[in-house]
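The primary structure of each chain is shown beneath.
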Amino acid sequence: MEASTTALQVRGLEKSYDKVHVLRGVDFDVARGSIFALLGSNGAGKTTIVRILTTLLKPDSGTASVGGFDVGSQPARVRESISLTGQFAAVDEILTGRENLIMIARLRHVKHAGQIADDLLGRFGLAEAAGRRVSTYSGGMRRRLDIAMSLIGSPQIIFLDEPTTGLDPEGRIEVWKVIQNLADSGTTVFLTTQYLDEAEKLADRIAILHQGTIIVSGTLANLRKLLPPAKAEYVERQPTLEEIFLAITGSDNSDTKEPR
Amino acid sequence: MSTHFFADTSVMLGRSLRHVTRSMDTIITVTIMPIAFMLLFVYVFGGAIKAGAGHYVNYLMPGILLIAIASGIAYTAFRLFTDLQSGIFERFHSMPIARSSVLWGHVLTSLAANMISVVVIVLVGLLIGFRSSAGVLAWLAVVGILVLFTLTLTWIAVIAGLSAKSADGAGAFAYPIIFLPFISSAFVPTASMPGPVRAFAENQPVTSIVDTIRALFARQPVGHDIWIALAWCAGVLVVAYVLAMMAYRRKIA
């Protein structure tokens, strides 16, 4: 596997907390510029993998290279290549949206921090809320700000740990669009989710983490082949609740908590 | 990495100073409470306290300043704890920054916030009759001791902030420290206390610090008190720093 086409390479990753053996030898590769979805139920160890790959946690054994750098021996180089959007929107509640973005821009030592902040605020539909404290934002707005913060400095690889958990349907679709745009622009996206439709919609490759190992991985087409071939059946197609919800609320982008 | 230490630390400092200025309750507790204590002791209890000649506020000032600092550092622990809870601590640690700047931002904020409240309290003290004949050098010595005292308590606060399980727990460690000046020479001379209490009062760190600052304000010789005070502060500072680093390593293991 040449380093030029591989963004992430994970081999034999193991990790235990006290006596719980969370990861029991995890292996996978992620191609540069692709969207990779790691599926698993709650507590399967998805976040543990993300924390190891983002240099926040040391594995007990195994190796992982991120952007061609080893997480154990070159953590600083890894951090230059990545960006993390954690499970809970890690934004500063007391600062305004714009101040959050400027803070990250200054920490990444990019020039024209103010201008970058304004661009991102516009792109993520937060321009109006830019001067408000984040504590007044809705969940979807926080998540958008969170992801916007991760884009500063144009990291090659972005980790998104359950980015749509707790979002309403519109918020989820917004985030999906952002992820798709990222991949289109060449960024590698590592996504964890417990929503199967999310993986189905977005991911180039999907891996399922179960009882500490990757039990299957491949493209959606690969995974479909694992089951008996599809049979043609007549089923009346009812609209899904999501389709109904989106149709009657009639908006594809709601920025603020409902106006009164 | 470390080349960015100063730039990164200044971003962190700016961030958490905004937290201080935007949460009015922290400013109120840190400065109004000690001022209330000062007024209470000067105008209510002070008349009955025999603490030598001169205005009682002159006797009281060093202890009030230490109480202000002790209550101020509780917020340092609280802010650090909140950062850990919200996930922003991990976000910073996954970024290409000087990692130590995350803690130093909090430590310097603590120093800045406490020095501001010290200045405010001294100004209020001047209004109600506090006077000092100290020269520039003595004032510098007072500032130096207060800075050292603040740093010492701040690193204790870092331990609490990093290892607390709840927001209340993060601030609770400060209560015994706030209480220490009451069992010292801060409000009344130790000579009036019964044996065991007096022994405790005379041998705990606050008394030596208070006596040193009081002597500096009054242009009296500081004697060996200053060395005891410095030894206490430096000793506790080193221990607290080492423990804080251990707690930090456990967090980012």
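This report concerns the structure included in the present document. Counting starts from 1 at the beginning of each chain's written sequence and moves along it residue by residue. To read the labels, note that chains go from A and ligands from 1, taken in the order they are written. With the structure being a predicted model, the display of local features is reserved for residues of pLDDT at least 70 and the display and counting of side-chain atom pairs for 80 or more, all residues being used for whole-chain, interface and lining totals.

Comments concerning the overall build of chain B
Point 1. The helix count covers DSSP runs of H or I at least four residues long, the strand count covers runs of E at least two residues long, and both are numbered beginning at the N terminus. Along its length, chain B carries eleven helices and zero strands.
Point 2. Projected onto its principal axes, the C-alpha coordinates of chain B cover approximately 60 × 35 × 35 Å.
Point 3. Burial analysis of chain B (253 residues in total) assigns 45% to the buried set. Residues with at least 20 other C-beta atoms within 10 Å of their own are called buried, those with 12 or fewer are called exposed, and the rest are partly exposed. The C-beta atoms themselves are positioned from the backbone.

Things to note about the interface of chain A and chain B
Frequently, the measure chosen for interface size is the accessible area that the parts lose on association.
Point 1. At the junction of the two partners, chain A supplies 20 residues and chain B supplies 20 residues.
Point 2. Of all the secondary-structure elements, those providing two or more residues to the side of chain A that touches chain B are α2 (75–81), β6 (82–85) and α3 (97–107) of chain A.
Point 3. Side-chain classes follow a simple rule in which Ala, Val, Leu, Ile, Met, Phe, Trp, Tyr, Cys and Pro form the nonpolar group, Asp, Glu, Lys and Arg form the charged group, and the remainder, Gly included, forms the polar group. Here the residues of the side of chain A that touches chain B sort into ten nonpolar, four polar and six charged. The contact criterion used here is simple: two residues whose C-beta atoms, placed from the backbone, lie within 7 Å are in contact.

Regarding the sheet that holds strand β3 (residues 35–39) of chain A
Residue and element names in this part refer to chain A.
Point 1. With respect to topology, six strands assemble into an open sheet ordered β6-β7-β8-β3-β9-β10, the strand pairing being mixed. Sheet topology places β6 and β10 (213–218) at the edges, where each strand pairs with a single neighbour. On average, each strand axis in the sheet is tilted by 15 degrees relative to the strand beside it, whichever way the strands run.
Point 2. Relative to strand β7 (residues 157–161), β6 runs parallel, the two sharing four bridges. Across the sheet, residue Ser-83 finds its bridge partner in β7, namely Ile-158.
Point 3. Where helix α1 (residues 46–53) meets the sheet, its contacts fall on β3, β7, β8 (188–193) and β9 (205–210), and the angle it forms with β7 comes to roughly 150 degrees.
Point 4. To get an axis, fit a line to the C-alpha atoms, keeping to the stretch in contact for a helix; angles then go from 0 to 180 degrees between the N-to-C directions. The strands touched by helix α6 (residues 169–184) are β3, β7 and β8; relative to β8, the strand with the most contacts, the crossing angle is about 150 degrees. The pairing criterion for strands is at least two bridges between them, as found by DSSP.

A word on the environment of A:Leu121
Residue and element names in this part refer to chain A.
Point 1. The residue Leu-121 is located in helix α4 (residues 113–123) in this model.
Point 2. Distance from Leu-121 to Glu-198, taken between C-alpha atoms, is 25 Å for residues 77 residues apart in sequence.
Point 3. Apart from residues no more than four positions distant in its own chain, Leu-121 is found in contact with Gly-97, Arg-98, Leu-101, Leu-126, Ala-127 and Ala-130.

Considerations on the sheet that holds strand β4 (residues 61–66) of chain A
Residue and element names in this part refer to chain A.
Point 1. Pairing is antiparallel across the open sheet formed by four strands, whose spatial order is β2-β1-β4-β5. The open sheet terminates on both sides in strands that have one partner only, identified here as β2 (20–31) and β5 (69–70).
Point 2. The sheet contacts of α1 involve β1 (6–17), β2 and β4, and relative to β1 the element is tilted by about 120 degrees.

Overview of the nonpolar core
Point 1. Throughout this description, the term nonpolar core refers to a group of buried Ala, Val, Leu, Ile, Met, Phe, Trp, Tyr and Cys residues whose C-beta atoms join them within 7 Å. Ranked by internal contacts, the top residues of the largest apolar core, which has 136 residues, are A:Leu101, B:Leu60, B:Leu66 and B:Ala77.
Point 2. In terms of residue count, helix α3 (residues 56–86) of chain B provides more of this core than any other element does, 19 residues in total.
Point 3. Once residues lying within four places of it in the same chain are set aside, the contact partners of B:Leu66 are B:Phe149, B:Pro181, B:Ala186, B:Val206, B:Ile209 and B:Val210.

Concerning helix α9 (residues 241–249) of chain A
Point 1. α9(A) sits mainly on the outside: zero of its nine residues count as buried.
Point 2. Of the residues flanking the end of α9(A), it is A:Gly250, one or two places downstream, whose phi is positive at about 65 degrees.

A short note on the pairing of β1(A)
Walk down a regular strand and you will see the side chains alternate between the two sheet faces.
Residues and elements named next belong to chain A.
Point 1. Bridge count between β1 and β2: nine bridges; the pairing is antiparallel. From the neighbouring strand, Gln-9 faces β2, where its bridge partner is Asp-29.
Point 2. As paired elements, β1 and β4 share five bridges and run antiparallel to each other. Looking at the pairing, Val-10 lines up with Ala-64 of β4.

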